[in-house]
Amino acid sequence: SQTIHQWPATLVQPVGSPLSLECTVEGTSNPNLYWYRQAAGRGLQLLFYSVGIGQISSEVPQNLSASRPQDRQFILSSKKLLLSDSGFYLCAWSPLARGGGTEAFFGQGTRLTVV
Amino acid sequence: RKEVEQDPGPFNVPEGATVAFNCTYSNSASQSFFWYRQDCRKEPKLLMSVYSSGNEDGRFTAQLNRASQYISLLIRDSKLSDSATYLCVVTPQYSSASKIIFGSGTRLSIRP
């Protein structure tokens, strides 16, 4: 069966510090991978998605970047965090499916507080 | 206009009531539709897919109206445990490189 791991679960970082959140998927190959952010009481904002190694699509210009160094690894980074980067970060994967989308499966999320 | 829009609620209904949510989408080429449930401070989890012919899973019924570009979720005989945020999801592109777009969610609170 497929599983997705995301860590850490919670993180408190000072303004201006770097960030690296990691997500890995097991039990599947060639997944589509996604990073979302959810501000308190708000919906999920799609940040990045990837259809393959080294292929990253950015949805919202911001202080963050993403990389996919391996097929089942997706990393979210920032060189210098801002207060506005606080939120609940969710990694997700979906099966590669020709002819249309499929549902997404989420990691447990990282609650980031920038202080 | 947002790609996917939902009434944020909150919907506050008594236990046993029937409640319905709608979700509108802007891209007529959208292909796949889902409803997710998100509990407080947890990740979203798939509730059900939405098929063109509509589908039912126990107390939950989902329907798609392509002509008017909306999907709906009906919950019958609501339980306290149904309290959560319900997110509609649309995959807008007919391709293997589909983005998955979430609505902002509708909060549902069931009272005893």
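The coordinates are above.
So, a few notes on the structure that sits alongside this text.

What counts, and where the lines are drawn
- Residues numbered from 1 in each chain as written.
- Chains lettered and ligands numbered in written order.
- Predicted model: local features only at pLDDT ≥ 70, side-chain atom pairs only at ≥ 80, totals over all residues.
- Heavy atoms only, no water.
- Pairing = 2+ DSSP bridges.
- Helix = DSSP H or I, 4+ residues; strand = E, 2+ residues; numbered from the N terminus.
- Axes fitted to C-alpha atoms, helices over the stretch in contact; angles between N-to-C directions.
- Disulfide = S-S within 2.5 Å.
- Buried < 20%, exposed > 50% of the residue type's maximum accessible area, 1.4 Å probe, protein only.

Quick look at the sheet that holds strand β7 (residues 65-70) of chain A now. Residue and element names in this part refer to chain A. Taken in spatial order, the four strands of this open sheet run β1-β3-β8-β7, and their pairing is antiparallel. The two strands at the open ends of the sheet, each matched to only one other strand, are β1 (3-7) and β7. Here the strands of the sheet are splayed against their neighbours by 20° on average, with no regard to which way each runs. Both β1 and strand β3 (residues 19-26) contribute to a ladder of five bridges, which runs antiparallel. When the sheet's bridge partners are listed, Ile4 is paired in β3 with Val25.

Another aspect to go through is the state of the cysteines. Evaluation of the coordinates by the stated rule reveals two disulfides over all chains. Across the disulfide, Cys23(A) is cross-linked to Cys91(A) (sulfur-sulfur distance 2.0 Å). Because the sign of the S-S torsion sets the handedness, a value of about -75° for the bond joining Cys23(A) and Cys91(A) places this disulfide among the left-handed ones. With Cys23(A) in strand β3 and Cys91(A) in strand β9 (residues 87-94), the pair connects residues that are 68 residues apart, well separated along the chain. On the basis of relative accessibility, which here comes to 1%, the residue Cys23(A) falls in the buried class. Residue class for Cys91(A) comes out buried when judged on its relative accessible area of 0%. Disulfide partner of Cys23(B): Cys88(B), at an S-S distance of 1.8 Å. As the torsion about the S-S bond is roughly 50°, the Cys23(B)-Cys88(B) disulfide counts as right-handed. Of this pair, Cys23(B) sits in strand β3 (residues 19-25) while Cys88(B) sits in strand β9 (residues 84-91), and the two are 65 residues apart along the sequence.

A few words on the environment of Lys2(B). All names here are of chain B. For Lys2, the position within the fold is in the segment before β1 (4-6). Exposure remark for Lys2: the relative accessible area of 54% places this residue in the exposed category. Distance in space between the C-alpha atoms of Lys2 and Gln31 is 17 Å, their sequence separation being 29 residues.

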